[in-house]
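What follows is the residue order along each chain.
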Amino acid sequence: MKLALFSTIVVAISLVTAIPLENAAPVQHDATVTTIAAFATTPSPISVTFSGILPSYSPTYLPSFPYHGHEKKSPTPTGALTYKPPFNVSSYPIPWAKPDLNSTEIQAAINSINWTYVPNIPPKNMTTDVTTYNSGVDSDCWWTVSTCGEPKLAYLPKDIKYCPEVGDFGLTYDDGPLPPNTQENGENDPWAEPRLYDYLAEKNQTATLFYIGSNVVVYPEAAVRALEAGHTLCAHTWSHPQMTTITNEEVVAQLYLSIRAIKEATGVTTRCWRPPYGDVDDRVRAIAHQMGLSTIIWDSDSFDWGMPSVANDFQGKYNQSTVDGFFEKWITDRKSGVDNMHGHVVLEHETSNVTILAAERWLPKLKEAFDVKTVHECAPELPNPYWEE
């Protein structure tokens, strides 16, 4: 089973429409005001209006799927995943394959974007641009080079990089849901979900989960379990590309398919995302923003992705003691009072036995030092995580 190697902000609805950029791309489609029927199966209004550059309700190009609520179940469900939600796999590309940009649905999503508000920034070349890009000027607010999280465009909100309150710890896991990998003896992978979700339930802990669409398509029942267990589900693209390296249309497709897969599996329409590798600039942010997504990054990287595992073909360069050292320092700094500027958002993963074990090893100690919570619980500037709220 292919796994990813590594491992999103809407502001108030009354945000005023910004003046178009002088260097913006030519307007390809006018989506300034569009009113279309949305999904009548949810409690949200069935009429949807896009005003300016910010959607007021759920994007109308998404199909309608049954909505079953999103409240945490009590008691928290655990154990084997016995419910498999209705899911039409044929509506999606082959998992991990490049999306078909000519599909009717993806074209509708592309046509919804007001390209006046997407800056004319060419796709990056990671081989050359990383070394030649002027990080001092940082005109694109390119996180990969500068860790910039405050866009240069006035109408784009800041990325969420940490929790504002000292002592808060935003717990996140990327690249799920971890699907079972058939073993040589025919048994399912014991590290696949709901392994981590059951552990979190045991510790009475919820987290923010950034889902890869391809994994949701393969394992929708795990997404249902996560929602029922009270976790927050956010998008993490369809196939985990470096988002600044792909075209505008490909950015739309990557986001659309991740949102769609989560919605079909669980009934909720997510409003948050995290760029794979943190690779985002103002061009990508502007597209995600118009698709109703808040950009969530991190300020505390566990580097669990760097330990050798099946997720990186055992090519990781970090050992367990190095990764343990990051957790130890966070906890020591908090307990000693050195960590007194703001809270944190962590980067962890659900990609293999290695990352799951790291999560289980360190969560109890983190809870002793921090107030561990979901990102939406610690970042009041974020809107509700789902359009159905």
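Procedures and definitions
- Residues numbered from 1 in each chain as written.
- Predicted model: local features only at pLDDT ≥ 70, side-chain atom pairs only at ≥ 80, totals over all residues.
- Heavy atoms only, no water.
- Disulfide = S-S within 2.5 Å.
- Buried < 20%, exposed > 50% of the residue type's maximum accessible area, 1.4 Å probe, protein only.
- Helix = DSSP H or I, 4+ residues; strand = E, 2+ residues; numbered from the N terminus.
- Arc of directions from axis to C-beta.
- pLDDT = per-residue confidence, 0-100.
- Pairing = 2+ DSSP bridges.

## Here we look at the state of the cysteines
Per the counting criterion, the structure on display carries 3 disulfides. With its sulfur 1.9 Å from that of its partner, Cys 141 forms a disulfide with Cys 148. Measuring handedness by torsion sign, the sulfur bridge of Cys 141 and Cys 148 sits at about -95° and is left-handed. Cys 141 gets classed as buried once you look at its relative accessible area, which sits at 0%. A disulfide bridge connects Cys 163 with Cys 378, and the sulfur atoms are separated by 2.0 Å.

## Digging into helix α1 (residues 104-112)
Listed in full, the buried residues belonging to α1 are Ile 106, Ala 109, Ile 110 and Ser 112. Taken down its axis, α1 places every buried residue within 160° of arc, on the same side.

## Digging into the confidence of the model for the protein chain
Here the protein chain averages 87 in pLDDT, and 85% of its residues register 70 or above. By mean pLDDT, the top-scoring element of the protein chain is strand β6 (residues 208-211) (99), and the lowest-scoring one is strand β1 (residues 33-37) (26).

## Things to note about the pairing of β6
Here β6 shows a buried face lined by Thr 208 and Phe 210 and a second buried face lined by Leu 209 and Tyr 211. In terms of strand pairing, strand β5 (residues 172-176) meets β6 through 4 bridges, oriented parallel. Considered in β6, the bridge of Thr 172 is made with Thr 208. The pairing of β6 with strand β7 (residues 232-235) spans 4 bridges and is parallel. The residue of β7 that forms the bridge with Thr 208 is Thr 232.

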